[in-house]
Amino acid sequence: DDRPFAVDSADIHWKYIYNQARTPSEVWVLLEVGGEYKNKLFTVPMNENGFVDYPPAVTGKTIEAGLGPLEINPNKDGTILSVKDGVPVRINSKRYVVEKLVKAQWEKVSLIEGNIFYDPQSKGDFKNVVLAPSPIDEPEMFAKWQDEYLKQVYDKLETYTGPTISDEYTGITYSVGRISFISSDWPVISSYKFRMGNEEILTKTFVYMDKRNGELVPLSFTYPPEDSYFFEGYKTVNEPCRLAVQFFYGDEMKQYFPEDSMGELLEDTLEENHYSSLVKFLQNNASEEEKRIAIKTRFVIVRFAPWLK
């Protein structure tokens, strides 16, 4: 009389949801119930308070019946059921976790897994760096990830009282696709990495100040691949330097460095409105939209060169 399903639900089957189809290491067990339930899926674990997201510890041979089954929609918003770290989850087509089941409720999951507020100094530190979707292979997913990343950085900047890129001199050259900064300080507030082919590419976000109003602005600079002519290591400089960054890889760069892997990180050119936004940003007279465009630009480091006043 206390069955969790109707009496005529005789057609009940186990359904197994694996974290990886070919080499599973975790499994989530569901029930597929026929009859009037029309082969809907329900969770299995239960305890004295009802169905839960984790099975209870069992000392005897039976588990007390729960208060009722929890129905699981297997295709909500085009997602796929999976399991991660023992927790039922929904993943999207790119296999990113978007929701997890917590106490019988689906909760949205942050796109960022880990601590972004870290300044790696070597390749050995990459194990502690948050992995982002690839802006090259997954630009739409990266754009969503970047929005959340910048929100966390801006939240951190609200209480930041440290140094900023001093901007003693800033110059931009469109023909080469290059910007130069000169500063005594190079404070890093956060970082992330992404994959390009078989290599992990590092980006560090520095603290820059808008000289009009003193607003702190995050500027992200990506390190070139290790086989690039321009690669000089990952250590953050702590002395007055002139920083040159590339924002596109055009004909002039290709003429002198035709096979350099830096070119894989950048476009061949930059749209006029994008370039205009960079100029106005550096002149401290950009609109909020122009500032947003500048902040989201992919800048690749060419060189940190010591600077003597």
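Only a predicted model underlies this, so the values are computations on that prediction, with no experimental measurement involved.

**Q** Describe the overall build of the chain, naming the residues involved and giving the relevant values.
**A** Across its full length, the chain carries 4 helices and 17 strands. Within the chain, residue pairs in contact and separated by at least 24 positions form 58% of the contacts whose partners lie at least 6 positions apart.

**Q** Hey, could you go over the side chain of Thr236 for me, with residue numbers and the actual values?
**A** In this fold, Thr236 is placed in the loop between strand 15 (216-222) and strand 16 (241-246). Side chain to side chain, Thr236 and Lys204 meet in a polar contact 2.6 Å long. When sequence neighbours within four positions are dropped, the list of residues in contact with Thr236 reads Asp119, Gln121, Trp186, Val188, Lys204 and Phe206.

**Q** Describe the sheet that holds strand 1 (residues 12-18), naming the residues involved and giving the relevant values.
**A** What the 4 strands build is an open sheet, ordered 1-2-3-6; its pairing is antiparallel. This sheet does not close on itself; its edge strands, each paired only once, are strand 1 and strand 6 (71-72). Sheet topology places strand 3 (residues 40-43) next to strand 6; 2 bridges connect them, and they run antiparallel. Of the residues in strand 6, the one forming a bridge with Leu41 is Ile72.

**Q** Could you give me a rundown of the pattern of salt bridges, with the residues and numbers involved?
**A** Pairs can form between side chains of opposite charge once their charged atoms are near each other. Across all of its chains, the model carries 15 salt bridges by this definition. With a shortest N-O distance of 3.1 Å, Arg90 and Glu99 are connected by a salt bridge. Of the two residues examined, Arg90 and Glu99, each falls in the buried class. Lys291 serves as the salt-bridge partner of Glu288, at 3.8 Å between the closest nitrogen and oxygen. In this pair, Glu288 and Lys291 are both assigned in helix 4 (residues 288-295), 3 residues apart and thus about one turn of the helix distant. When its relative accessible area of 55% is taken as the criterion, Glu288 is described as exposed. You can call Lys291 buried: its relative accessible area is 2%. Connected through salt bridges with shared partners, the residues Lys76, Arg90 and Glu99 form a single ionic network.

**Q** Could you give an account of the sheet that holds strand 9 (residues 97-102), naming the residues involved and the relevant values?
**A** One open sheet accounts for 4 strands, arranged 7-8-9-10; its pairing is antiparallel. In this open sheet, the two strands that pair with only one neighbour each are strand 7 (80-84) and strand 10 (105-108). On average, each strand axis in the sheet is inclined to that of its neighbour by 35°, with strand direction left out of account. Across 4 bridges, strand 9 lies against strand 10 in antiparallel orientation. Bridging across to strand 10, Lys100 finds its partner in Glu107.

**Q** How would you sum up the packing of aromatic side chains? Please name residues and give values.
**A** If you walk through the whole model with that rule in mind, you get 23 aromatic pairs. With a centroid separation of 5.0 Å and an interplanar angle of 80°, the aromatic rings of Tyr149 and Tyr192 are classed as edge-to-face. Here Tyr149 is found in helix 1 (residues 139-157), whereas its partner Tyr192 is found in strand 13 (residues 188-196), with 43 residues between them in sequence. Taking relative accessible area as the criterion, Tyr149 reaches 1% and is therefore assigned buried. In textbook terms, an aromatic cluster arises when at least three aromatic residues are bridged by ring pairs, as seen for Phe181, Trp186, Phe206, Tyr208, Phe221, Phe281, Phe299 and Phe304. Here the basic side chain of Arg90 rests over the ring of Trp106, its NZ or CZ set 4.0 Å away from the ring centre.

Parameters and conventions
- Residues numbered from 1 in each chain as written.
- Predicted model: local features only at pLDDT ≥ 70, side-chain atom pairs only at ≥ 80, totals over all residues.
- Heavy atoms only, no water.
- Helix = DSSP H or I, 4+ residues; strand = E, 2+ residues; numbered from the N terminus.
- Contact = heavy atoms within 4.5 Å.
- Polar contact = N/O pair within 3.5 Å; in protein donor to acceptor, adjacent residues only side chain to side chain.
- Pairing = 2+ DSSP bridges.
- Salt bridge = Lys/Arg side-chain N within 4 Å of Asp/Glu carboxyl O.
- Buried < 20%, exposed > 50% of the residue type's maximum accessible area, 1.4 Å probe, protein only.
- Axes fitted to C-alpha atoms, helices over the stretch in contact; angles between N-to-C directions.
- Phe/Tyr/Trp six-rings, centres within 6.5 Å; stacked < 30°, edge-to-face > 60°.
- Lys NZ or Arg CZ within 6 Å of the ring centre and 35° of its normal.

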